[in-house]
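Below are the chains, spelled out letter by letter.
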Amino acid sequence: MTTPDVTVVTAVYNTMPDLTRCLTSLVEQTIGLDRLEVVAVDDGSTDGSGAELDRFAAAYPGTVKVLHQANSGGPAAPSNRALEHATGRYVLFIGADDHLGPEALARMVAAADEWGSDVLLGRMVGVNERYVHQAIFESTRAEVDLFSSALPFALSNTKLFRRDLIEKYALRYPEDMPVGSDQPFTLEACLRAGRISVLADYDYYYAVKRLNAGNITYRSNHLARLRGVERVVEVVAELIEPGERRDAVLYRHFTWEIAKLLQDDFLTLEPDVQEQVRAGVANLARKHLTDPIRDRLGVTARVRIGAAWLGSLADLRAVIRQDVEEGLPPTVVQDERWYALYPGFGDPRSALSEEWFEVSRSDPKWLARLEAVSATWSPDRGGERTLTVAARSPWPELAELADGGLTFKVGSAAGTVTGLTEDPLGTTVRVTFRAVDLLAGLPPGGRTRTVRVTAVAAGESGSTPLRGPRPPVRQRVLHRHGGQLYVFTTTTNHKGHLVIAVSPVTLRRVVARLRRRLPLGGK
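Residues numbered from 1 in each chain as written. Predicted model: local features only at pLDDT ≥ 70, side-chain atom pairs only at ≥ 80, totals over all residues. Heavy atoms only, no water.

Asker: It is not clear to me how the overall build of the protein chain should be interpreted in this structure. Could you clarify?
Answerer: Per the secondary structure count, the protein chain includes 17 helices and 23 strands. A compact globule built from 523 residues should have a C-alpha radius of gyration of about 24 Å, and the protein chain, at 25 Å, falls within 12% of that. Its C-alpha atoms give the protein chain principal-axis dimensions of roughly 75 × 65 × 45 Å. For the protein chain, with 523 residues in total, the buried portion stands at 49%. By sequence separation, contacts in the protein chain at least 24 residues apart represent 71% of the contacts at least 6 residues apart. Summed over all atoms, the accessible surface of the protein chain reaches about 24,300 Å², with 50% contributed by carbon and sulfur. Charged side chains of the protein chain number 63 positive and 64 negative; the gap between the two group centres comes to 8 Å. (Helix = DSSP H or I, 4+ residues; strand = E, 2+ residues; numbered from the N terminus. Rg over C-alpha atoms; globule rule 2.2 N^0.38 Å. Buried < 20%, exposed > 50% of the residue type's maximum accessible area, 1.4 Å probe, protein only. Contact = heavy atoms within 4.5 Å. Areas by Shrake-Rupley, 256 points an atom, 1.4 Å probe, with all protein chains shown as cover. Lys, Arg positive; Asp, Glu negative; His and termini not counted. Charge placed at Lys NZ, Arg CZ, Asp CG, Glu CD.)

Below is the structure:
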């Protein structure tokens, strides 16, 4: 029996019907069944995923191998078990709800063979608005460095690994981590690799955000995610000496996983959970937050982490509540340096020095933080229905600072900036969206999407949701496109973001609405 070129490993737990598409994308790879091995471990599924795996194993004997086990609570144990059965020269891990482009494996194996790659990344794209950090996929490169590239922001296991590397260093997933267990594995593989390569010339991997949010990453709570990042940071500290190289990796964890623990939803947690999260973040900052990492953080994440570390739970709540209830804080200028006027700034009782509050004029994400003051539907000069949004920025010099411009999008629908007016207190931006653009690609049941703002400054871009008007204002209009009627609704969601909902008008919805409005019996 010949050795397969690549073994695809997947840990499966209740991923129907996405699992069918995943497996189909594997057995239809252009690399051919004789060069492919699939090892799937059913981790105690109860939704028919196990039976679907067995169906594929029966249809593709010798290619698809299936193992069944009781539920382990996470992907680590089934991934480790699959590795024990892998025989390919390379191993690629895939989420059971994700899928590959048809030529993915053939292209990746060919490139890894040509370049002698130990780890190879193929461009990932998100499905159902799943976010995938794209900086590492800017261009195809035969070799990238972990410490001088965007690779620390792409530490998922969805890569091609040389199996000799995995076995030489006995790389396995820590089974006591229900969330994030792929990061220690991937990090050590990248540190041990002789060469890491990137392919950006094809959509290799489709990362799917399940519409029922059933993936364990989306279901995990704050404390589980805290324990996960604590373990990952421990691995970084064990493997990398203190200094610029360690900071390059830890910056990712402070700006991503750690900062996410202190997002606006922190205020919805029970007080005892809030304190546990605060104390955990404080411990991580105390041990690992160097001045260079702190100074690279965006001001919002920096102030929240600083409040968690050097302040009290009340201080942290006050900082987060500023964003949730008041929006973007005012900017103060002292000695030509700009500061965000978060609670604690200038307060002699605060343990946070001025550096924690300083705002970089070239921080694109901060420049993109605008707040909508109105959203109005009206026909344009040609009679086409449009939505005009007026948004405020506290930066009077916004046009100059965002030298690469501002972009407003709702999904793939781009708005047109029709006005940008400066005044002593800030800048007002007016942007218009066409109804026809908001209908593009609309699924049968309609959808709700957030308005996002992207700013480009000093060659870097930053994107953030547009905050909705406060108090929230709901506007609903009826629009005909072709022979179909649609309802467009603009409102502010529970996170304070401006969202646009588009729904087709159907007889079923009309009847349901009438039933809600009319008394029983129609009297």
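Asker: Could you clarify how one ought to interpret the side chain of D182 in this entry?
Answerer: Here D182 shows up in helix α6 (residues 182-192). We note that D182 is buried and unpaired, the nearest opposite charge coming from K159 at a distance of 7.1 Å. Residues contacting D182, with those up to four places away along its chain left out, are L155, S156, N157 and Y173. (Salt bridge = Lys/Arg side-chain N within 4 Å of Asp/Glu carboxyl O.)

Asker: What should I look at first to understand the environment of L33 in this one?
Answerer: Its location among the elements puts L33 in the loop between α1 (18-27) and β2 (36-43). A residue is classified by how much of its surface remains accessible, and L33, at 35% relative accessible area, is partly exposed. When the C-alpha atoms of L33 and Y60 are compared, they prove to be 8.4 Å apart, with 27 residues separating the residues in sequence. If near-sequence neighbours (up to four positions away) are discounted, L33 is found in contact with V27, Y60 and T63.

Asker: Teacher, can you tell me more about the sheet that holds strand β10 (residues 205-208) here?
Answerer: Pairing between the strands of a sheet comes from backbone hydrogen bonds, and it takes one of two forms, parallel or antiparallel. Within the open sheet, the 3 strands sit side by side as β5-β10-β7. Their pairing is mixed. Looking at strand neighbours, the two that pair on one side only are β5 (99-100) and β7 (124-127), the edges of this open sheet. Judged from the 2 bridges that link them, β5 and β10 form a sheet pairing that is antiparallel. Within β10, the position partnered with H99 by the bridge is Y206. (Pairing = 2+ DSSP bridges.)

Asker: In this structure, what is going on with the sheet that holds strand β14 (residues 385-393)? I would like to understand it.
Answerer: Strand order across the open sheet formed by 4 strands is β13-β14-β18-β17, with antiparallel pairing between neighbours. The strands lining the two open edges of the sheet, one partner per strand, are β13 (371-379) and β17 (416-423). Here the average twist between neighbouring strands, direction ignored, is 15°. (Axes fitted to C-alpha atoms, helices over the stretch in contact; angles between N-to-C directions.)

Asker: What's the story with the packing of aromatic side chains in this structure? I'm lost.
Answerer: Describing an aromatic ring pair means giving the distance of the ring centres and the angle of the ring planes. Following the criterion strictly, the structure yields 14 aromatic pairs and no others. An angle of 20° between the planes, with centres 6.1 Å apart, marks the rings of F56 and Y60 as stacked. Exposure remark for Y60: the relative accessible area of 27% places this residue in the partly exposed category. In this arrangement the basic side chain of R294 is found over the ring face of W356, its NZ or CZ atom lying 5.2 Å from the centre. One residue, R296, lies across the ring of Y251, its end atom 3.7 Å from the ring centre. (Phe/Tyr/Trp six-rings, centres within 6.5 Å; stacked < 30°, edge-to-face > 60°. Lys NZ or Arg CZ within 6 Å of the ring centre and 35° of its normal.)

Asker: I would appreciate a short explanation of helix α10 (residues 271-288) in the present structure.
Answerer: Think of an α-helix as 3.6 residues a turn; residues three or four steps apart then line up on the same face. Spanning 18 residues, α10 covers 26 Å between terminal C-alpha atoms, matching the ideal 26 Å at 1.5 Å per step. Every buried residue of α10 is accounted for by V273, Q274, V277, R278, G280, V281, A282, L284, A285 and H288. (Expected span 1.5 Å × (residues − 1).)

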